[in-house]
Amino acid sequence: MITVTINGKEIKLEKAVTVLEAARSAGIKIPTLCYHEQLERYGGCRLCLVEVEKMPRLQTACTLMAADGMIVRTETEAIADVRRGILEFLLINHPLDCPYCDKAGECELQDLVEKYGPTTSRFKEKKRKVTENLQDPVIVRNMERCVMCTRCVRMCEGVQGAAAIGVINRGGHSHIEPFSGNKYDCEYCGNCVSVCPVGAIMSRLHRHSYRPWQVKEKVETVCPYCGVGCTVVAQVRDDVIKRVIPRIGSPVNNGMLCSRGRFGYEFVGHPDRLTAPLIRKNGVLEETTWEEAIGFVAKRLTEIKGKHGGNAVAGIASPRCTNEDNYIFQKFLRVTLGTNNIDSTARMGYAGAQAFIENIFGQGATGNIISGLANSDTVLVVGGDPTTVNPILGLQIRACSRKGGTILTIGHVRGLQHFSPVELDPGAMLETTLLECLVLSLLDRKGLPGSNPALEAKIKAVHADNAEFLKNSCITKEGLADFVDKLGSSGTPAVVIGKDLLQTAGSGYRLFLVCAINYIVNGRVYLLSDHANEQGLLDMGCAPDLLPGYRPLSYAEFRKRYETAWKTPLPEKPGLNIFEMIGAAENGTLKALYVMGENPVFNLPDAATVTASLKKLELLVVQDIFLTETGRLADVVLPALSWAEKDGTFTNMERRIQRVRKAVNREGMADWQIITEVARNMSGKAHYTGAVAVFEEIARVSPLHRDLSYDEIEQGNVIYPYKGEPLRGSAEDIAVQKPAAAAEGTISLAIDRLLFHSGTLSRKSPALIKIYPEAVARIHPETAVSLSLAEGDVIRISSQSGKIELPVVLDRHAGRSSVLVPNIFEGTGALRLAGMGLDPVLKAPAINGTPVTIERIGKVTP
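1. A word on the pairing of strand S24 (residues 592–596)
Burial within S24 is extensive, with five of its five residues counted as buried. Alternating positions in S24 separate into two faces, Ala-592, Tyr-594 and Met-596 on one and Leu-593 and Val-595 on the other, with burial throughout. Pairing analysis gives four bridges linking strand S15 (residues 313–316) to S24, with the strands arranged parallel. Directly across from Gly-315, in S24, lies its bridge partner Tyr-594. Bridge analysis of S24 against strand S25 (residues 619–624) gives five bridges, and the strand direction is parallel. Bridge assignment links Ala-592 to a residue of S25, and that residue is Leu-619.

So, in structure tokens, the structure goes:
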């Protein structure tokens with residue numbers, strides 16, 4: 001125990017902290033400008049100077065460690081004179097434009113000058129003039145206001161790891177500037193905006209539109225984009241979200257955000273939002289009343305069920321909807337319509353991969369704490385770039401490197417390239433063989449643990465010729481040995497698995513090899529997730545073979561539990577998955593499809609086939625916030641509320657349940673309310689008073705969520721397995737099916753997973769569009785030469801499933817045998833080119849590796 005006395009107050013400390021932190025723990029205010037709790041100690045501004053007995057000079061409280069018996073004074077005349085002088089110096093060049101500056105009201109310099117600063121200035125010289133920089137579409141810089149605390153630089157380099165800005169020039173000419181010049185060329189996380197104490201670096205999204213004291217509501221909720229589930233605070237004025245900021249101390253992101261989380265909220269108020277139900281009359285979608293739309297849907301579903309049976313109806317749930325929405329949706333299909341035909345786009349890789357991994361390692365194997373990555377001594381990344389899919393998780397991997405950990409990557413990972421990764425890049429054709437070689441090399445080094453005989457039998461059947469592999473690849477024997485040595489000697493390894501592994505031909509076998517590696521080294525698995533509630537919708541039972549609580553439908557005792565709770569017999573046979581639904585619509589056995597918050601025409605492979613199949617349905621109902629590509633085909637379109645307009649919960653990739661809170665008001669109904677109204681019109685039984693009532697039912701009937709409440713969730717630490725019952729002892733045979741060798745010499749499709757975008761939400765966010773406005777095809781320079789292409793050419797990319805036209809951008813990190821295409825922008829989505837071929841084990845589509853042809857059709861017009 002350390003005891004210090006500050007301003008006569010005795011403070012007991014359980015661990016060594018700085019004097020500043022000790023004072024703050026006791027409620028004693030010491031002024032600072034350069035200090036920030038997310039940054040390393042700096043001691044630059046000198047405003048935190050304090051007197052310490054037996055020390056001859058004033059000391060910086062933010063760097064001085066508290067010692068037992070130390071006596072500190074923070075408010076003396078000598079200290080006041082120094083602080084007054086420091087602030088007077090800062091105001092020499094600082095403009096006195098507080099009435100105009102957007103930072104007024106939350107400016108730390110303004111507050112400090114008011115309390116500690118001089119009332120007049122002795123300096124008569126002219127102030128330094130720096131023109132305000134408005135050339136960046138998202139961030140505005142006014143270096144006249146900069147106090148050179150370097151918080152932004154230290155945040156960008158030391159925490160974010162982007163190193164995109166720095167101090168330019170020296171002395172009185174020093175200023176902060178991006179290395180790219182006037183416009184930022186960075187990750188646009190905006191974390192520099194968060195830590196700037198003055199109005200030097202600010203967001204343009206709310207420029208001159210409000211003042212901090214005009215914010216009427218500050219609503220803590222969860223980011224609607226990826227599966228990390230960052231805590232955000234929506235600042236609201238006049239029912240409009242003016243700004244989204246992080247919360248320091250939140251367990252998931254601790255004050256950090258990515259570009260999507262910080263700048264991607266504008267879709268909520270986009271003018272393209274649906275405002276009224278639409279119904280197709282004479283081939284045209286026309287606005288109608290809620291009563292007519294819901295009555296029509298209920299009538300047609302009742303007719304189709306009566307004529308063809310419940311299995312002629314199916315539903316697609318949404319990883320962007322809340323747990324409450326998805327629970328009600330699957331209950332509606334099972335209880336009201338009598339079918340297990342429910343699935344989601346989690347079938348694109350996440351659902352099958354998680355089932356496969358948990359079959360080997362047990363339920364909850366992927367539910368690991370994200371911050372734990374920073375404390376691992378080794379992180380193996382395979383299947384893509386975590387810094388673009390789940391950026392805040394990617395920061396933890398970067399933090400691992402800064403702490404001295406080892407980063408191992410299979411393939412080039414752009415977001416980790418400056419963090420000393422040990423990289424093995426065999427090319428797409430040889431990745432399976434590399435994984436086999438790693439398994440065998442680790443087996444020779446460490447042997448098998450002996451805890452999973454079924455898995456070990458499969459591992460012993462793996463064969464590969466290291467010498468032949470090294471001969472055919474650019475990897476050296478020494479490089480492979482070093483990689484194996486670092487992975488095999490790790491004490492706390494983690495394995496991060498991305499979609500690029502899961503959406504490739506032979507993905508099931510590759511995932512088995514990665515699981516074998518994880519088993520041998522005794523690591524923790526992290527499965528990257530694209531969507532905010534991808535885990536939650538599976539836990540709610542939105543899968544053809546799952547019930548709420550992630551319980552297998554095939555177990556009679558689980559079915560009996562829900563039949564008793566819902567007072568309805570449930571179908572025993574698993575339903576159709578999302579790809580089987582498209583096939584059933586095509587062959588005519590599926591008559592009706594209800595799509596909640598999803599866009600299968602855009603987000604499933606082979607848009608032409610999906611579109612043709614959906615057109616054959618007798619009834620297509622789409623429930624969404626925008627009129628999507630799928631919505632334009634619908635018989636009825638029902639406008640839902642967005643994430644910011646309703647209450648509920650999300651479950652992130654850690655399986656942490658978090659509260660989603662209503663921030664703004666909008667006329668309409670949440671997804672679960674719309675479904676409830678349809679069910680009530682069909683059976684007259686459904687009724688809930690609010691989202692809390694829905695969750696109370698979940699907590700009653702789901703063994704996994706047993707006895708949970710909103711009050712507990714709001715405390716922020718509801719982590720798997722909660723108070724419920726994780727599923728034990730239900731392992732099935734481990735399916736392993738080695739794929740045939742891929743054809744060489746062809747150009748293939750690869751998905752370009754963009755940092756700044758995420759599906760149809762981000763393309764309705766103006767700030768993100770300004771950062772990354774259009775799709776491009778990224779091609780390796782050597783591949784471009786072989787195809788007689790140059791930067792700026794427009795090419796047509798064709799496959800058996802479709803074709804798109806895009807401008808060329810040369811990228812030396814693209815694969816030499818592939819073309820990188822994003823699946824974001826309407827009309828140019830990469831999935832239009834992919835086929836419906838599924839991996840036999842994971843049932844996920846083999847998108848990466850789709851053969852394509854490329855032809856030049858022109859140049860980009862200026």
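2. Observations regarding the packing of aromatic side chains
Tallied over the full model, the rule gives 16 aromatic pairs. Aromatic pair Tyr-555 and Phe-558: ring centres 5.5 Å apart, planes at 20°, arrangement stacked. Judged by its relative accessible area of 15%, Phe-558 is buried. Aromatic pair Trp-672 and Tyr-688: ring centres 6.5 Å apart, planes at 90°, arrangement edge-to-face. Highlighted residues: Trp-672 in helix H23 (residues 671–683) and Tyr-688 in the loop between H23 and helix H24 (691–701), separated in sequence by 16 residues. Here the basic side chain of Arg-763 rests over the ring of Phe-602, its NZ or CZ set 4.7 Å away from the ring centre. Taking NZ or CZ as reference, Lys-764 lies 5.5 Å from the ring centre of Phe-626, over its face.

3. Let's talk about the packing of helix H9 (residues 350–361) against helix H17 (residues 507–521)
Two elements in contact, H9 and H17, have axes whose closest approach is 11 Å; the angle formed by their N-to-C orientations is 35°. The interaxial crossing formed by H9 with H17 has right-handed handedness. When H9 is examined against H17, the residues Ala-353, Phe-356, Ile-357, Ile-360 and Phe-361 are found in contact with a partner set consisting of Gly-508, Leu-511, Phe-512, Cys-515, Asn-518 and Tyr-519. Of the residues in the contact of H9 with H17, the class split is nine nonpolar, two polar and no charged.

4. Points about unusual backbone geometry
A cis geometry characterises the amide bond from Tyr-720 onward to Pro-721, with omega recorded as 5°. Along the chain, Pro-721 turns up in the loop between helix H25 (710–713) and strand S29 (747–751). Not every positive phi belongs to a glycine, and Lys-54 is a case in point at roughly 75°. Take Lys-54: it is sitting in the loop between strand S3 (49–52) and strand S4 (59–60). Owing to a relative accessible area of 85%, Lys-54 belongs among the exposed residues under this scheme.

5. Observations concerning the nonpolar core
The biggest cluster of nonpolar side chains holds 255 residues, and the ones touching the most others in it are Leu-301, Ile-497, Tyr-594 and Ile-797. Excluding its chain neighbours within four sequence positions, the residues that come into contact with Ile-797 are Ala-777, Gly-802, Lys-803, Ile-804, Leu-806, Val-819, Val-821, Leu-833, Val-852, Thr-853 and Ile-854. Judged by nonpolar contacts, the second largest core, of 23 residues, contains Ile-11, Ala-22, Ile-28 and Ile-30.

6. With respect to the sheet that holds strand S31 (residues 793–798)
Spatial ordering of the closed barrel is given by S29-S33-S30-S32-S31-S34, a layout of six strands whose pairing is mixed. Put simply, the sheet's adjacent strands are angled 45° from each other on average, direction ignored.

7. With respect to the side chain of Ser-441
Secondary-structure assignment places Ser-441 in helix H12 (residues 431–446). Overall, Ser-441 belongs to the buried group, its relative accessible area being 15%. If near-sequence neighbours (up to four positions away) are discounted, Ser-441 is found in contact with Asn-466 and Val-484.

8. Topic: helix H22 (residues 607–615)
Buried within H22 are the following residues: Ala-607, Val-610, Thr-611, Ser-613 and Leu-614. The arc that holds every buried residue of H22, seen down its axis, measures 165°, which confines them to one face. Along its buried surface, H22 packs onto helix H20 (578–587), S24, helix H21 (600–603) and S25.

9. A few points about the sheet that holds strand S20 (residues 493–497)
Across the sheet, five strands lie side by side as S19-S18-S17-S20-S21; this open sheet has parallel pairing. At either end of the open sheet lies a strand with only one pairing partner, and these are strand S19 (422–424) and strand S21 (524–527). Neighbouring strand axes in the sheet, compared pairwise and without regard to direction, differ in orientation by 15° on average. The sheet strands contacting H12 are strand S18 (406–410) and S19, and the helix crosses S18 at an angle near 135°. On top of the sheet, H17 reaches strand S17 (378–382), S20 and S21; it is set at about 170° to S20, its chief contact.

10. Focus on the domain arrangement of the protein
Quite often, the size of an interface is put as the accessible area lost when its parts meet. Each assigned domain of the protein is listed with its residue range as follows: domain 1 (278–345 + 535–704), domain 2 (350–527) and domain 3 (747–859). Each of domain 2 and domain 3 has a C-alpha centre, and the two are 26 Å apart. Residue-level contacts link 20 residues of domain 2 with 14 residues of domain 3. With both sides pooled, the region where domain 2 packs onto domain 3 buries about 1400 Å², and carbon together with sulfur makes up 53% of that total. Ranking the residues of domain 2 by area buried against domain 3 places Thr-388, Arg-414 and Gln-503 at the top, with a combined share of 34%. If you look at where domain 2 meets domain 3, you find two salt bridges. The interface formed by domain 2 and domain 3 holds 11 residue pairs in polar contact (both at pLDDT 80 or more) in total. Looking at the side of domain 2 that touches domain 3 residue by residue, the classes come out as seven nonpolar, 10 polar and three charged.

11. Description of the pattern of salt bridges
Applying the stated criterion across every chain yields a total of 45 salt bridges. For Asp-81, the salt bridge identified is with Arg-84, shortest N-O distance 2.7 Å. With Asp-81 and Arg-84 both in helix H2 (residues 77–90) and three residues apart, the pair spans about one turn of that helix. Bridged by salt links that share partners, the residues Lys-299, Arg-300, Glu-303 and Glu-618 form one connected network.

12. What to know about the environment of Pro-212
Mapped onto the elements, Pro-212 comes out in the loop between strand S9 (201–203) and strand S10 (217–222). Spatially, the C-alpha atoms of Pro-212 and Gln-235 are 9.0 Å apart, while their sequence positions differ by 23 residues. In contact with Pro-212, other than residues within four places in its own chain, are Asp-102, Ala-104, Gly-105 and Glu-106.

13. Here we look at the pairing of strand S33 (residues 818–821)
Regular strands have side chains that alternate between both faces of the sheet. Both faces of S33 are covered, namely the face carrying Ser-818 and Leu-820 and the face carrying Val-819 and Val-821. Sheet analysis places S29 next to S33, joined by four bridges and oriented parallel. Bridged to Ala-750 within S33 is Leu-820. Here strand S30 (residues 777–779) pairs with S33 via two bridges, running antiparallel. The residue of S33 that forms the bridge with Ile-779 is Val-819.

14. Considering the environment of Leu-87
By secondary structure assignment, the location of Leu-87 is in helix H2. Here Leu-87 falls in the buried class, since its relative accessible area comes to 0%. Between the alpha carbons of Leu-87 and Pro-118 there is a distance of 7.4 Å; along the sequence they are 31 residues apart. Discounting residues that sit within four places of it in the chain, Leu-87 has contacts with Leu-47, Leu-109, Leu-112, Val-113, Tyr-116, Gly-117 and Pro-118.

Parameters and conventions
Residues numbered from 1 in each chain as written. Predicted model: local features only at pLDDT ≥ 70, side-chain atom pairs only at ≥ 80, totals over all residues. Heavy atoms only, no water. Buried < 20%, exposed > 50% of the residue type's maximum accessible area, 1.4 Å probe, protein only. Helix = DSSP H or I, 4+ residues; strand = E, 2+ residues; numbered from the N terminus. Pairing = 2+ DSSP bridges. Phe/Tyr/Trp six-rings, centres within 6.5 Å; stacked < 30°, edge-to-face > 60°. Lys NZ or Arg CZ within 6 Å of the ring centre and 35° of its normal. Axes fitted to C-alpha atoms, helices over the stretch in contact; angles between N-to-C directions. Left-handed = near helix turned anticlockwise from the far one by under 90°. Contact = heavy atoms within 4.5 Å. Nonpolar A, V, L, I, M, F, W, Y, C, P; charged D, E, K, R; others polar. Core = buried A, V, L, I, M, F, W, Y, C linked by side-chain atoms within 4.5 Å. Arc of directions from axis to C-beta. Domains from an automatic or database assignment. Buried area = accessible area lost by both parts, 1.4 Å probe. Salt bridge = Lys/Arg side-chain N within 4 Å of Asp/Glu carboxyl O. Polar contact = N/O pair within 3.5 Å; in protein donor to acceptor, adjacent residues only side chain to side chain.

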